[in-house]
Every structure is written in structure tokens, then in C-alpha cells.
Amino acid sequence: MSGPDLPRVPAGGMLNGMSVDVEDWFQVGAFERVIERSAWDTLERRVEANCDHVLALFDEAGVKATFFTLGWVAERHPAMMRRIAAQGHEIASHGWDHQRVFQMGEAAFSEDIARARAVLEDSSGCTVTGYRAPSFSIDARTPWAHEVLARQGYAYSSSVAPIVHDHYGWREAPRFAFRPVAGSPLVEVPVTTMEWAGRRMAAGGGGFFRLLPYGVSHWAVDRVNRRDGRPAAFYFHPWEVDPGQPRRHDAPLRSRFRHYTNLSVMAGKLKRLLAAFEWGRMDEVVAAEVARLDAEQVAA
Ligand SMILES: [Zn+2]
């Protein structure tokens, strides 16, 4: 593989969280204005083939990860859910059909995640204890969201981006694991951010990883591990490794740029990242962070 030699974390280094937000190419925020949910069932589904590609990348790298999956997808691809689980990965929830939490309200959110969890557990045979909000949409507008997750018995959420972004963000949220509900063991593990030149940006995957040179993400993960002494929480999507997906020319230029740029180099970049650091399931990272939070509580 090309590119400069970057420092490799020694064996026994910090365990970072690797995750996949399992949704199909037409279910992304970038296309929500040009593709109605009612049209989803008429479109070519590519998520299962793409997940198999992702599973092969993980297998080759010896990495176990967390698959935050839409209930809508799990309902249509139960065999895929069983394959993911059989290979030792964690099955977690990405909600039912990618509605943002701040657009749902408390009652609809509660229904959405309960419906998704039932299908995820039935299809995979696994217990679901983790949740990731579509488009990191738990923020200052949704003070009830973590309480709903706690009530439904989730162990953790990874749904907050402690930044300002044009689509999302909760600037005041902590950068690393915290307990968002008093008296509840629920842990929130925000997506990884980096601070540079007085700005903070989401640096845990998505467009940041795919659009910018590999070295920038490598630097960000390394910096979080070494300087902050904390694990990174990284994510990507199955459609990002699929350069053959249908092209939508009716979406806004900015959305098309974000969605289609660098799809063909994504798998190669992922291989480098998987080889460069220690990666594990989000529930493993959460267990380590819980031990840290408990130790801090005892010390305080
Ligand atoms: Zn998503």
C-alpha cells in the first residue's frame, strides 16, 4: 500500500471502538430530500453484499466490530444479521428507518427504538444493548433521549457529536465517555473528535475519513490515544465501500460530493486503519470506559 510510514501502535495498545452504521445507499441523510421513505422498497438493495465485503475486511484484519443496524434493514436481511453475529461481531441498534431523534419527539423515539430492537434481536439471536442515533442526532434539543434509552435498559449509546456541524452536533457535550442520566448506569460514548487550530471537528470516520488523506485520520486516532489517553470511537457505512452503487444526479451538489467522493479508495484506507491500531467492539470499549468512570468516582 502506498503512503508514508506511520507509527504503528504497539501490541497491547489501547483498544479503540470500530463500528459500522448499517444502512443502504438510499437511506442516508444526503438523499432524504430526493428519495422518499415510501420509495425505499422499489430501490436496489446493496447492503447485504456490501456488508459481506466489510466482514471480509474485518476477517482479514482479525478485527471484531459493532454493527449499528437499522431495523428496516434487519427485517429484510435476517441471513445477513446471522452472518454478522456468527462472526463474533456485536449487533446494536441504529433505530428503525433513520429518522433523526430531534425530529421524532420522545414518544415516537421510544417506539422507534423498541421496534428496531425487537427485529434486531429476533433476526440475529443476539441481545442488543447499544444504540447509535441516525446522524448523531442526540443533542441539546433532545434532553429526554438518553432517559428513554436508560428506561429501555440500554447499556450504552454512541449518538453524540460534541461539535458544531451544519447537520448535527452538541457543542457542550463531553468529548469522551460520560453518564448522561443521573442514577443510571447508561454510558454515552461520543464519536471521536479532534481539536486543531482552535476548532473541534468530528474525526471518527464518515466523510472526515473518506474525503481527507488517510494520514489525517491516523494522526487523529493516534493523538486521541496518546495525548488524551482515551479510546477512539470510529464509524463508517457499508455503502462507502461500494463504488458501483447507483448514482443520483438529482441530489444537491454538496450532498453528491460528500456521498460519492473516494468510494473506490475506501477499502484500501480501511485496511490501513484496521492494521495500524487495536480495534474492538463498542461494548468492549464501553466496559473499559465504565471501569475508568467508576475509578474516577471512587477517587472523587
Ligand atoms: Zn446512519
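Below: a short report on this structure. (Residues numbered from 1 in each chain as written. Predicted model: local features only at pLDDT ≥ 70, side-chain atom pairs only at ≥ 80, totals over all residues. Heavy atoms only, no water.)

**As for the side chain of Glu240**
Position of Glu240 relative to the elements: it lies in the loop between strand 9 (233–236) and helix 9 (253–260). Judged by its relative accessible area of 0%, Glu240 is buried. At 2.6 Å, the side chain of Glu240 and the side chain of Arg210 are in polar contact. (Helix = DSSP H or I, 4+ residues; strand = E, 2+ residues; numbered from the N terminus. Buried < 20%, exposed > 50% of the residue type's maximum accessible area, 1.4 Å probe, protein only. Polar contact = N/O pair within 3.5 Å; in protein donor to acceptor, adjacent residues only side chain to side chain.)

**A look at the environment of Arg141**
Residue placement: Arg141 occurs in the loop between strand 4 (130–131) and helix 6 (145–151). As a C-alpha pair, Arg141 and Met194 span 53 residues in sequence and 23 Å in three-dimensional space. Within the structure, the side chain of Arg141 is placed 2.6 Å from the side chain of Asp139, a separation counted as a polar contact.

**Let's talk about the environment of Arg132**
Following the sequence through the fold, Arg132 ends up in the loop between strand 4 and helix 6. The spacing of Arg132 and Glu188 is 56 residues in sequence and 9.7 Å in space, taken between C-alpha atoms. Once you skip the residues sitting within four places of it in the chain, Arg132 turns out to touch Ser19, Asp21, Phe68, Ser93, His94, Ser158, Ser159, Tyr235 and Met282. (Contact = heavy atoms within 4.5 Å.)

**Side note on the nonpolar core**
Most often, soluble globular proteins keep nonpolar side chains buried together rather than apart. Of all hydrophobic cores here, the largest spans 68 residues; its most connected members are Met18, Phe58, Phe67 and Phe109. Beyond its immediate chain neighbours, meaning those up to four positions away, Phe67 contacts Val20, Val22, Cys51, Val54, Leu55, Phe58, Ile84, His89, Glu90, Ile91 and Ala92. Judged by nonpolar contacts, the second largest core, of ten residues, contains Ala177, Val187, Val189 and Ala233. (Core = buried A, V, L, I, M, F, W, Y, C linked by side-chain atoms within 4.5 Å.)

**A few points about the pattern of salt bridges**
Evaluated as defined, the whole model comprises 23 salt bridges. A salt bridge links Arg46 to Asp242, with the nearest nitrogen and oxygen atoms 2.6 Å apart. Placement of Arg46 in the loop between strand 1 (15–22) and helix 1 (47–61) and of Asp242 in the loop between strand 9 and helix 9 is noted, with a sequence separation of 196 residues between them. Residue Arg46 is classed as buried on the basis of its relative accessible area of 19%. Between Glu195 and Arg200 there is a salt bridge, and its shortest N-O distance comes to 3.0 Å. (Salt bridge = Lys/Arg side-chain N within 4 Å of Asp/Glu carboxyl O.)

**Let's talk about the packing of helix 1 against helix 3 (residues 78–86)**
Orientation of helix 1 relative to helix 3, taken along the N-to-C sense of each, is 10 degrees, at an axis distance of 10 Å. Relative to helix 3, the element helix 1 lies roughly parallel. Seen from helix 1, the contacting residues are Val47, Glu48, Cys51, Asp52 and Leu55; seen from helix 3, they are Ala79, Met80, Arg83 and Ile84. The residue inventory of the contact of helix 1 with helix 3, partitioned by class, reads six nonpolar, no polar and three charged. (Axes fitted to C-alpha atoms, helices over the stretch in contact; angles between N-to-C directions. Parallel < 35°, antiparallel > 145°, perpendicular 65-115°, else oblique. Nonpolar A, V, L, I, M, F, W, Y, C, P; charged D, E, K, R; others polar.)

**Comments concerning the packing of helix 1 against helix 10 (residues 266–276)**
Contact geometry of helix 1 with helix 10 gives a least axis separation of 10 Å together with a crossing angle of 30 degrees. Looking at the two axes, helix 1 sits roughly parallel to helix 10. As helix 1 runs across helix 10, the sense of the crossing is right-handed. Of the residues in helix 10, those in contact with His53, Leu57, Phe58, Glu60 and Ala61 of helix 1 are Ala267, Leu270, Lys271 and Leu274. Class assignment for the residues of the contact of helix 1 with helix 10 results in six nonpolar, one polar and two charged. (Left-handed = near helix turned anticlockwise from the far one by under 90°.)

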